[in-house]
Amino acid sequence: MVSTHSREAIIVVDVQNDFVDGSLGTARGVEVARGINAWLREVVGADAEEGAEINSRPLIAGTMDWHINPQGHFAPEGEEPDYENTWPVHCVADTHGAQVCGELNPELMDVWFHKGEYTAAYSGFEGHLAREEQTLKQWLNSLEIEHVTIVGIATDFCVRATAEDALKAGFGVTVVEELCSAVSEDGAAKALDALRAAGAEVIAQPR
Ligand SMILES: [Zn+2]
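Quick caveat: nothing in here was measured; it's all calculated off a predicted structure.

## Notes on empty space enclosed by the protein
For step 1, the next point in the chain: Taken as a whole and judged by the stated rule, the model has 1 cavity of 30 Å³ or more.
For step 2, the next point in the chain: Approximately 110 Å³ is the volume attributed to the largest cavity.
For step 3, the next point in the chain: Looking at the largest cavity, it is lined by 13 residues, and the ones nearest its centre are Phe-19, Leu-24, Trp-87, Phe-157 and Cys-158.
For step 4, the next point in the chain: Looking at the lining of the largest cavity residue by residue, the classes come out as 9 nonpolar, 3 polar and 1 charged.

## As for helix H5 (residues 185-198)
For step 1, the next point in the chain: With 14 residues, H5 extends 20 Å from end C-alpha to end C-alpha; this agrees with the ideal 20 Å at 1.5 Å per step.
For step 2, the next point in the chain: Of the positions making up H5, those classed as buried are Gly-187, Ala-188, Ala-191, Leu-192 and Leu-195. Projection of H5 onto a plane perpendicular to its axis shows the buried side chains occupying an angular sector of 130 degrees, all on one side. Seen from the open side of H5, the exposed residues pointing more than 90 degrees away from its buried face are Asp-186, Lys-190 and Ala-197.
For step 3, the next point in the chain: As for H5, its buried residues are in contact with helix H4 (155-168), strand E6 (172-181) and strand E7 (201-203).
For step 4, the next point in the chain: Once H5 finishes, Gly-199 follows within two positions and takes phi at roughly 115 degrees, a positive value.

## Here we look at the coordination of the zinc ion
For step 1, the next point in the chain: At 2.1 to 2.2 Å from the zinc ion lie its protein donor atoms, namely Asp-65 (OD), His-67 (NE2), His-73 (NE2) and His-90 (NE2).
For step 2, the next point in the chain: In this structure, the zinc ion is coordinated by 4 donor atoms arranged in irregular fashion, with angles at the metal of 87 to 170 degrees.
For step 3, the next point in the chain: Counting the intervening residues between successive donors of the zinc ion yields the motif D-x1-H-x5-H-x16-H. In this pair, Asp-65 is assigned in strand E2 (residues 59-65) and His-90 in the loop between E2 and strand E3 (111-115), connecting sequence segments 25 residues apart.

## Notes on H4
For step 1, the next point in the chain: Most of H4 is tucked away: 10 of the 14 residues are buried.
For step 2, the next point in the chain: Among all positions in H4, only Thr-155, Asp-156, Phe-157, Cys-158, Val-159, Ala-161, Thr-162, Ala-163, Ala-166 and Leu-167 are buried.
For step 3, the next point in the chain: For H4, the secondary structure elements touched by its buried residues are strand E1 (8-13), E3, strand E5 (147-153), E6 and H5.

## Focus: the side chain of Glu-117
For step 1, the next point in the chain: Within the secondary structure, Glu-117 sits in the loop between E3 and strand E4 (128-129).
For step 2, the next point in the chain: It turns out Glu-117 is buried and unbridged, and the closest side chain with the opposite charge, Lys-115, is 9.1 Å from it.

Here is what the cut-offs are and how they apply
- Residues numbered from 1 in each chain as written.
- Predicted model: local features only at pLDDT ≥ 70, side-chain atom pairs only at ≥ 80, totals over all residues.
- Heavy atoms only, no water.
- 1 Å grid on protein atoms, 1.4 Å probe; cavity = no way out; pocket = protein on both sides within 12 Å on 5 of 7 lines; lining within 4 Å.
- Points joined across faces, edges and corners; volume = space filled by probe spheres on them.
- Nonpolar A, V, L, I, M, F, W, Y, C, P; charged D, E, K, R; others polar.
- Helix = DSSP H or I, 4+ residues; strand = E, 2+ residues; numbered from the N terminus.
- Expected span 1.5 Å × (residues − 1).
- Buried < 20%, exposed > 50% of the residue type's maximum accessible area, 1.4 Å probe, protein only.
- Arc of directions from axis to C-beta.
- Contact = heavy atoms within 4.5 Å.
- Donors = N, O, S within 2.8 Å, 3.2 Å for Na, K, Ca; no water.
- Tetrahedral: all angles 85-135°; square planar, octahedral: opposite > 155°, others 65-115°.
- Lys, Arg positive; Asp, Glu negative; His and termini not counted.
- Salt bridge = Lys/Arg side-chain N within 4 Å of Asp/Glu carboxyl O.

Spelled out as structure tokens, the structure:
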């Protein structure tokens, strides 16, 4: 049987409590979580209304920063993080901060990938299925996905790293600026410029 899925996936990066309004909250975190939720409801809902097969719409993968002992990723106790390489403690596995933000219905995602148990792991491409070994890249390839649309947090770190790895892996990449929240606006502008230069399409709003 010929597969009829759209060869398109949406990757929702790290919309977790700590990045929305927790230890590493970002300015537009809540707004972005709500915006992604509304958009994904349209993506999933339109499919249901038309009575189409589930695989005629883009598949939706969520990534979660999921730290156990991520080496030097957290600033040492008593030291200030530099917000480049060291960070406040965040997204510790199985804590409230690591849970999906309440503004985003986790059931809208078809699958979840965890990353960063023992490394910094900014990129979703370092992620694997929870309790399984299959990586995000293997999952995308197994479904013959050719293009990914990336949204989430933070524009200047994990969204950027995920998009760069997607390009390196040969996927077409679109980043939706309005549905990404940044650590710094300056950093976000640089990240989006770098992604454009590397071949990604950056669009203001979802289409
Ligand atoms: Zn982290």
